[in-house]
Amino acid sequence: MPHLKPQHTAAVRPQTVHSAGRKAVKMTVSKEDYLKAIAEAESEGDVVIAATLARWLSISPPAVTAGLRRLKRDGLVRKDKGGRLLLTSEGRAIAERIRIRHNLIERMLHEVFGMEWYKVHDEAERLEHAVSQDFEERLTAVLGEDRPCPHGNHVVMDTIGDRRERGWRRLNEIVNAGKYEVAAVDERDRRFLEFVDSVGLRPGQTFEWKSKNYDDTMTLGLDSRECRIGVTAAERIWVRSAAGKRRGAR
Ligand SMILES: [Zn+2]
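Residues numbered from 1 in each chain as written. Predicted model: local features only at pLDDT ≥ 70, side-chain atom pairs only at ≥ 80, totals over all residues.

Scanning the protein from N- to C-terminus turns up nine helices and ten strands. In the protein, buried positions account for 30% of the 250 residues. Nonlocal contacts in the protein, meaning residues at least 24 apart in sequence, comprise 58% of its contacts between residues at least 6 apart. (Helix = DSSP H or I, 4+ residues; strand = E, 2+ residues; numbered from the N terminus. Buried ≥ 20, exposed ≤ 12 C-beta atoms within 10 Å, placed from the backbone. Contact = placed C-beta atoms within 7 Å.)

Looking now at the environment of Ile-160. Summarising the element assignment, Ile-160 is placed in helix 7 (residues 160-165). Once the C-alpha coordinates of Ile-160 and Glu-44 are considered, the two residues, 116 residues apart in sequence, prove to be 5.9 Å apart. If we ignore the near neighbours within four places in the chain, the residues touching Ile-160 are Glu-44 and Gly-45.

Pairing within the open sheet is antiparallel, and its six strands lie in the order 5-10-6-7-8-9. Looking at strand neighbours, the two that pair on one side only are strand 5 (169-170) and strand 9 (225-230), the edges of this open sheet. As paired strands, strand 7 (residues 206-212) and strand 8 (residues 217-222) are joined by four bridges and run antiparallel to one another. Paired with Lys-212 across the bridge in strand 8 is Met-218. (Pairing = 2+ DSSP bridges.)

Here the focus is the confidence of the model for the protein. On average, residues of the protein carry a pLDDT of 88, and 88% of them reach 70 or more. Low pLDDT, under 50, characterises residues 1-12; the predicted model gives this stretch ten contacts beyond four residues in sequence or across chains. (pLDDT = per-residue confidence, 0-100.)

This part covers the packing of helix 1 (residues 29-43) against helix 3 (residues 61-73). It is at 10 Å that the axes of helix 1 and helix 3 come closest, and there the two elements cross at 90°. The orientation of helix 1 relative to helix 3 falls into the category roughly perpendicular. On the side of helix 1, the interface is formed by Ser-30, Lys-31 and Tyr-34, while helix 3 contributes Gly-67, Arg-70 and Leu-71. Among the residues forming the contact of helix 1 with helix 3, the class breakdown is two nonpolar, two polar and two charged. (Axes fitted to C-alpha atoms, helices over the stretch in contact; angles between N-to-C directions. Parallel < 35°, antiparallel > 145°, perpendicular 65-115°, else oblique. Nonpolar A, V, L, I, M, F, W, Y, C, P; charged D, E, K, R; others polar.)

This is the structure:
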């Protein structure tokens, strides 16, 4: 069987959404991906314009223009005067639903089937579109509601501001020696996740921040060994202090 790329190659039955005052909107994998990308880019502090989407979804600008036209026609996305893309309340509801299903699938694969944490995102990108309301309810009953995914990320829109308010910092911003814990990592790049796993920096791992080096790397103490990590990876890893760690804290 040929290796499936993280893009959507599986045939998924489109779902139908009924929005108030409008006739039923036929959903497709690609429409759902657009809505989710807008919501996620927004939560990461990006001003979302068509070019942002082209970058996030790795598709050509003309394809994005055509996709957005369909979403505007369906009343799921609108554009403000400056060209900024905004989700309508119907569009946001769909994006949230997909994000919840993504989280449940990742947790199912990891917690129930023991799939490696760095692999589950790609699987969930495909399967999230095929989850019915019924299956979602069963998954929630088994796995519990509103828990972080294996990458440490939360379903409810968790902006950069929210994270900072909780005391999370990006690893590359740390300048004081001390004990820290990996809170979450960006999850969309498989090569990055495999790298992070190979150095042992998975979510929940505690480490000692030792020094910043001349070559822009930092030295970390992990259990009984040391590792050096560069700024490109460090800026995609969220950490919190492990000094006054509270139980159950997000
Ligand atoms: Zn995740």
